[in-house]
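Letter by letter, the chains look like this.
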Amino acid sequence: MKAKVEGLIEDYIADFSKTSAISWGKPHTGYARADDPLFARLKEIVRPSHELPRDFLDEARTVITYFLPFLEEVVESNKEGRYSSRLWGIAYIETNRLINEMNKYLKNELIKMGYQAAYVPATHNFDEEALMSDWSHRSAAYIAGVGTFGLNHMLITESGCCGRIGSLITDLEVEPTPRYGRELCLYRADGSCGQCVKRCVNDALHFEGLDRHRCYKMLLENGERLSDLESLADVCGKCLVDVPCSTGIPRPEE
Ligand code: SF4
Ligand code: SF4
């Protein structure tokens, strides 16, 4: 069944890319048990209102998550300057559109196969004061073995951290994906690197943590600059590009 699900995802992306302004690299899909105790811990780690897979689907058995990597040209386009590139903004909007449309498609395909499914929108119940959502796609993808967290608060995957994550909850039962047994972020592994902190353009990312309000201010500034795009591009991503974990698993310096 995993091969079937992954085939559906890859075929959908290939079709979607034909009419989209951008395309994507090979997706990385991971599976978590819906009753994995780490989901309940997100209420302590992320926020008390963080939802559980069973809040979306009573009979939830599996959380399917996938990372959609941006192509090199998108990553390159965002390296220079203080403000996000137009292409980075387009990639954000198009990837959210892809996630929302593909999740509807996957849900229908699972129903046709006799399963139930519920999808979580690309941004779910975003709290504009706390600047957090009630479902963290990144945390779900971490639990589902897609990657590990970087100092830049992004998920570092086999294809790096430049991309976006989608999630789907189903009563289909499959073997969970094993999680990485090590930290992929160099700083978290051995205290080295820290390049993402140096790249932050609004003094929001520090070794001690992320100032969400300073970061969000920058996202809105970019959203304003890119306001002619078809929807809000509240993006930045400067701490994701031109760093060792941008497009692959970072390697320690020899
Ligand atoms: S740039 Fe370095 S420290 Fe920052 S998330 Fe990537 S690997 Fe970790
Ligand atoms: S997204 Fe931009 S403002 Fe936010 S932490 Fe990264 S570089 Fe800083």
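As shown above, the structure is provided for reference.
Residues numbered from 1 in each chain as written. Chains lettered and ligands numbered in written order. Predicted model: local features only at pLDDT ≥ 70, side-chain atom pairs only at ≥ 80, totals over all residues. Heavy atoms only, no water.

Sorry, what's going on with the packing of helix H1 (residues 2-19) against helix H5 (residues 86-112) here?
Each pair of packed helices gets described by two things: the angle between the helix axes and the distance between those axes. Contact pair H1 / H5: the axes reach a minimum separation of 10 Å and the direction vectors enclose 135°. The orientation of H1 with respect to H5, classified from their angle, is oblique. Crossing handedness for the pair H1 and H5: right-handed. On H5, the residues that touch Leu 8, Ile 9, Tyr 12, Ile 13 and Phe 16 of H1 are Glu 94, Arg 97, Leu 98, Glu 101, Met 102, Tyr 105, Leu 106 and Glu 109. (Axes fitted to C-alpha atoms, helices over the stretch in contact; angles between N-to-C directions. Helix = DSSP H or I, 4+ residues; strand = E, 2+ residues; numbered from the N terminus. Parallel < 35°, antiparallel > 145°, perpendicular 65-115°, else oblique. Left-handed = near helix turned anticlockwise from the far one by under 90°. Contact = heavy atoms within 4.5 Å.)

What is the right way to look at the sheet that holds strand S3 (residues 117-119) in this model?
Hydrogen bonds along the backbone pair up the strands of a sheet, which may run parallel or antiparallel. Read from one edge of the open sheet, four strands run S1-S2-S6-S3, paired in antiparallel fashion. Both edges of this open sheet fall to strand S1 (28-33) and S3, since each of them pairs with a single strand only. Taking the axes of each pair of neighbouring strands and ignoring which way they run, one obtains an average angle of 25° across the sheet. With eight bridges connecting them, strand S2 (residues 62-69) and strand S6 (residues 163-170) associate as antiparallel partners. In the sheet register, Leu 68 faces S6, and the bridge partner there is Arg 164. (Pairing = 2+ DSSP bridges.)

Help me understand the packing of aromatic side chains in this model?
The way to describe two aromatic rings as a pair is by their centre distance and the angle between their planes. Counted according to the given criterion, the structure contains eight aromatic pairs. Summarising the aromatic geometry, the rings of Tyr 12 and Tyr 105 are spaced 4.8 Å apart at their centres and angled 35° between planes, so their arrangement reads as tilted. One end of the pair, Tyr 12, is in helix H1; the other, Tyr 105, is in helix H5, with 93 residues separating them in the sequence. Of the residues examined, Tyr 12 reaches a relative accessible area of 17% and is grouped as buried. Taking the centre distance of 5.1 Å and the plane angle of 45° together, the rings of Tyr 187 and Phe 207 count as tilted. (Phe/Tyr/Trp six-rings, centres within 6.5 Å; stacked < 30°, edge-to-face > 60°. Buried < 20%, exposed > 50% of the residue type's maximum accessible area, 1.4 Å probe, protein only.)

Quick question: what am I supposed to make of unusual backbone geometry here?
As a rule of thumb, non-glycine residues mostly have phi less than zero, and peptide bonds are mostly trans rather than cis. The phi angle at Asp 203 is positive, at roughly 50°, despite the residue not being glycine. Within the secondary structure, Asp 203 is located in the loop between helix H8 (195-199) and strand S7 (205-206). Classification of Asp 203 as partly exposed rests on a relative accessible area of 49%. Backbone geometry places Asp 242, a non-glycine residue, at a positive phi of 60°. You can see Asp 242 is positioned in the segment after helix H9 (212-225). Its relative accessible area of 40% is what places Asp 242 among the partly exposed residues.

How do you make sense of the site of ligand 2 when you look at a structure like this?
Around ligand 2, a shell composed of Cys 200, Val 201, Leu 205, Leu 210, Cys 215, Met 218, Cys 236, Gly 237, Lys 238 and Cys 239 is seen. The residue makeup of the shell around ligand 2, split by class, is eight nonpolar, one polar and one charged. (Near = heavy atom within 4 Å. Nonpolar A, V, L, I, M, F, W, Y, C, P; charged D, E, K, R; others polar.)

So what exactly am I meant to see when it comes to the site of ligand 1 here?
Neighbouring ligand 1 are 13 residues; Cys 185, Cys 193, Gly 194, Cys 196 and Cys 245 lie closest to it. Looking at the shell around ligand 1, its residues break down into 10 nonpolar, three polar and no charged.

Is there a simple way to think about the pattern of salt bridges in this case?
Opposite charge on two side chains allows them to pair when their charged atoms are near. Summed over all chains, the structure comprises 14 salt bridges. Among the salt bridges present, the one from Glu 10 reaches Lys 26, with a minimum N-O distance of 3.0 Å. Within this pair, whereas Glu 10 is found in helix H1, its partner Lys 26 is found in the loop between H1 and S1, the two being separated by 16 residues in sequence. Judged by its relative accessible area of 33%, Glu 10 falls in the partly exposed class. For Glu 109, the salt bridge identified is with Lys 112, shortest N-O distance 2.7 Å. Pair noted here: Glu 109 and Lys 112 are both in helix H5, with a separation of three residues, about one helical turn. When salt bridges with common partners are traced through the structure, they connect Glu 76, Lys 79, Arg 199 and Asp 242 into a single cluster. (Salt bridge = Lys/Arg side-chain N within 4 Å of Asp/Glu carboxyl O.)

The values are spatial; any link to function lies outside them.
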